Amino acid sequence: MAQGRSAKQGLLVRIVAAAVGGYVVAMATAICLSYGLPMRRADAVLTGVLASFVVYIAAVLWAFAARNTAHAWLGIAVPAVVAGGMAWAIGWFGAL
Amino acid sequence: MKGAFRQSMSWLHTWVGLLTGWLLFFIFLTGTAGYFDTEIDRWMQPERPLHTAELPVAEMFAIARKRLQDVAPHAEYWFVLTSNRRNVLDMRIIWTDSTRTDGKQNGREYLEISSGRPAEYRQTGGGQLLYKLHYQLHYLPDAASYWIVFLCTMFMAVAIVTGVIVHKRIFRDFFVFRPRKGQRSWLDAHNLLSVLALPFHVMITYSGLVFFAYAYMMPVVIANYGFGPGNHDRYTNELHLRAEQPGPAGFAATAAPLRPMLDEAERRWGKGTIGQIRLYNRGDANARVLLKSGQQTPARDHGALLFDGVTGALLKADVARTAPRLIGDVLLGLHEGLFAGPALRWIYFVSGLLGTAMIGAGLVLWTTKRRAKSGDTFGFRLVEGLNIGTIVGQPVAIAAYFWANRLIPVGIEGRAAWEAHAMFIVWAVMLLHAFIRPASRGWTEQLWVAAGAFGLLPLLNALTTDKHLGVTLPAGAWELAGFDLTVLAFGIAFAVVAWRLGRRHRSDREHDQRFWTPAYQETEAAE
Amino acid sequence: MIDLAALILATAGFAAIALSMHRHHRDLFGRPPSRPRALAFAGTGWTLLALSFSACIVASGWAIGPVLWIGLLTVAGLVIVLALTYGAGIVSGGERPAPRKATRAARGKDKTPITHRNPDPWLVTRPAARPHRRHAAGKATQLVSQPARNSLPIVQKWLVC
């Protein structure tokens, strides 16, 4: 890895993206699945949680494989926003 | 592009392995021992009879009921765990008696089948303690341990995925092992140990994550069940289709005979398969009897029958599990391996050992790669010392746990805690030794200690108890004999490695003495 | 008994698959396999593995059988790896690990003391060179930081099984 302060900062950014961002996108996906899957609520929650581990691991890998830190954050934030948005929409429509 | 991806995954693989490797080694080692937890329990309580009696369920319940009537005749809740399977050594009874005022509303006892009285074997953590170490650690509050082990499990999952990505020749090199080639051999070993048991490693790690899902999944539970207290309970009740059990009605009624209920359960599940008998609201009009199957499948135990305690009518039989629940249960069931017969149990044990060795090989590989360039840095010395003290030191510590079990006198207060203290004290000593001694000597010395610690255990057993190989082999008590034979095999294996390492070490020192003369020293310096 | 049969089938299957591979066929027979031969070995191997799977299902049913099979594959794989590594030399004159004598002779050419080729960190009496000092220091330090080319740093060999 490159030496120097900016490289170390970049590494820190990636670590945070992986650890925190990964959790956020994993939970967003899980909630989205739990709302959207056509099964009993408890079953959908369980399915969402089981799937969320895969999402978390994928996010961690992405955070370190991405070309630069901007890509790292985008690749995690965009799916999180999309999944969260879908979950919110389903919840909002469901309440109607 | 491909190169940069592989490179970053390789970097990630190294770092997640290095940050948690030694703790993961501990988790794998104790977890692997846990596959023989009941056999270890048996060995650590040599007062037990050689063979466990097997009785029909109705007779076992009769013994339990007699004891329960002695200690808790007015209890409203009785629980009986039968012992006619590998995973349960003693019958267990639990009761709740709200009428008592002396603070002893709840009680539990382990019963000996032969006497019907509480078992009086030596107090010990047994194999259960060893197995629980792999997720509860020790000396830490449970919550802290669970988060630490959960973090390690996530790191392990990342390590497995990145490892598969980085291993370019996973099919071509499937059977390849090139010994005595230094770093090449360690890489081959690390790859082999990972790939040969890859399904096991993936299953163990992913199912390990599922075990910890309770706290991790809070946001999803909140999103679906709200913020209030009991939201998680509502989720689990919904998942398991649990209905509320009615409380006591308040007026007495005669209980229906239990025998027909037991017969019905055995008719559905097979003879001798009833694992639990629970009596709710005893003597009341709302009495209930719950029978649970003791059989284990990879989808964990299944089968529960709920009877009306007064009429004897079947109220509820098992409801078929939904697919997500089945998948979750299968993951957890495969992890625990409670369903495994003897052959499969040994395969679980070997796979666990392969996983433990995989982590050890990875840690050693790290040092072989970097010895030339940074062998003198603080970081390198730290890693190497931790390697020796963990890869050999931890097994020695576990052997010390068994030595303590035989040497600490029976009846001493807190002997079970001291057995565990002995294990950690010995581990600390091994770590200290690993940092004091030069690396090469550290390896061989600790390996010889391990050879003695394991290999002499059967002898210690013979000197301190009457359940040694001379007795257990002729009697066919295979669980006990198996323990002695296994530790003996480990001792021999450690001795072989120690001897070969020591021999190579000696020949290298001779080489040094032959060439490193003062005259030679001068010519070198002059160049 | 059926468990044992399943294990033997799995081991034989892995043996055949290994022999369909370039390297292992060469170790045993002295030459790489021709394409039809490789296909034959591979086909036989996979068939034996499938038979092993059926044996596991017969032995333990559909719930436990697949688990048993995957476990047996681990054991069978281990057996074949050990057989190929240590057995190939016994069976035929295939590729063997370098005999001890040759290594000694190779080492003999390089008279740098082992402890100074790769300083044992805890026995160091003179400071070992760090990479960034390589250019500043003289040749003596260079000997210390760079391992000899002909043979492996001996400290690594201590750790080899």
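Thresholds, definitions, all that
- Residues numbered from 1 in each chain as written.
- Chains lettered and ligands numbered in written order.
- Predicted model: local features only at pLDDT ≥ 70, side-chain atom pairs only at ≥ 80, totals over all residues.
- Heavy atoms only, no water.
- Pairing = 2+ DSSP bridges.
- Helix = DSSP H or I, 4+ residues; strand = E, 2+ residues; numbered from the N terminus.
- Axes fitted to C-alpha atoms, helices over the stretch in contact; angles between N-to-C directions.
- Contact = heavy atoms within 4.5 Å.
- Buried < 20%, exposed > 50% of the residue type's maximum accessible area, 1.4 Å probe, protein only.
- Arc of directions from axis to C-beta.
- Buried area = accessible area lost by both parts, 1.4 Å probe.
- Salt bridge = Lys/Arg side-chain N within 4 Å of Asp/Glu carboxyl O.
- Polar contact = N/O pair within 3.5 Å; in protein donor to acceptor, adjacent residues only side chain to side chain.

Novice: Talk me through the sheet that holds strand β2 (residues 91-96) of chain B; I want residue IDs and the actual numbers.
Specialist: Residue and element names in this part refer to chain B. What the 7 strands build is an open sheet, ordered β3-β2-β1-β4-β5-β6-β7; its pairing is antiparallel. Two strands in the sheet have a free side with no partner beyond their single neighbour: β3 (106-111) and β7 (314-316). In this sheet, adjacent strand axes meet at a mean angle of 20° when their direction is disregarded. Where strand β4 (residues 274-280) lies against strand β5 (residues 288-293), 6 bridges are found, and the strand directions are antiparallel. Following the sheet pairing, Ile277 is matched in β5 by Leu291. Sitting on the sheet, helix α3 (residues 57-71) touches β1 (77-81), β2, β3 and β4, and the angle it makes with β2 is about 40°.

Novice: I'd like a description of helix α10 (residues 231-239) of chain B, backed by residues and values.
Specialist: Listing the buried residues of α10(B) in full gives Asn231(B), His232(B), Tyr235(B) and Leu239(B). One side of α10(B) holds all its buried residues, which, seen down the axis, span an arc of 100°. Taken together, the buried residues of α10(B) touch α2 (41-65) of chain A together with α8 (213-216), α9 (218-225) and α12 (323-336) of chain B. Directly beyond the C-terminal end of α10(B), a positive phi value near 55° is found at Leu241(B).

Novice: An account of the environment of Phe64(A) is needed here, citing residue identities and associated values.
Specialist: Along the chain, Phe64(A) falls in helix α2. Once the C-alpha coordinates of Phe64(A) and Arg14(A) are considered, the two residues, 50 residues apart in sequence, prove to be 6.2 Å apart. For Phe64(A), the residues in contact, after removing those within four places along its chain, are Leu11(A), Arg14(A), Ile15(A), Ala18(A), Ser8(B), Trp11(B) and Leu12(B).

Novice: Explain the pairing of β3(B) to me, using residue names and the numbers behind them.
Specialist: All names here are of chain B. Side-chain alternation along β3 places Gly107, Glu109 and Leu111 on a buried face and Asn106, Arg108 and Tyr110 on a face that remains uncovered. Direction of pairing for β2 relative to β3: antiparallel, over a ladder of 6 bridges. Within the sheet, the bridge partner assigned to Ile94 lies in β3 and is Arg108.

Novice: Could you give an account of the interface of chain A and chain B, with specific residues and numbers?
Specialist: In this assembly, 30 residues from chain A lie in contact with 34 residues from chain B. Overall, the association of chain A and chain B removes approximately 2,900 Å² of surface from exposure, summing both partners, and the carbon and sulfur fraction of that is 75%. Scanning the region where chain A abuts chain B turns up 1 salt bridge. Glu238(B) is paired through a salt bridge with Arg41(A); the nearest N and O atoms lie 2.8 Å apart. On inspection of chain A and its partner chain B, the count reaches 11 residue pairs in polar contact (both at pLDDT 80 or more). If you list the elements that add at least two residues to the side of chain A that touches chain B, you get α1 (5-36) and α2 of chain A. Ranked by the residues each element gives to the side of chain A that touches chain B, the list is headed by α2(A), at 18 residues.

Don't take any of this as a statement about function, it's just geometry.
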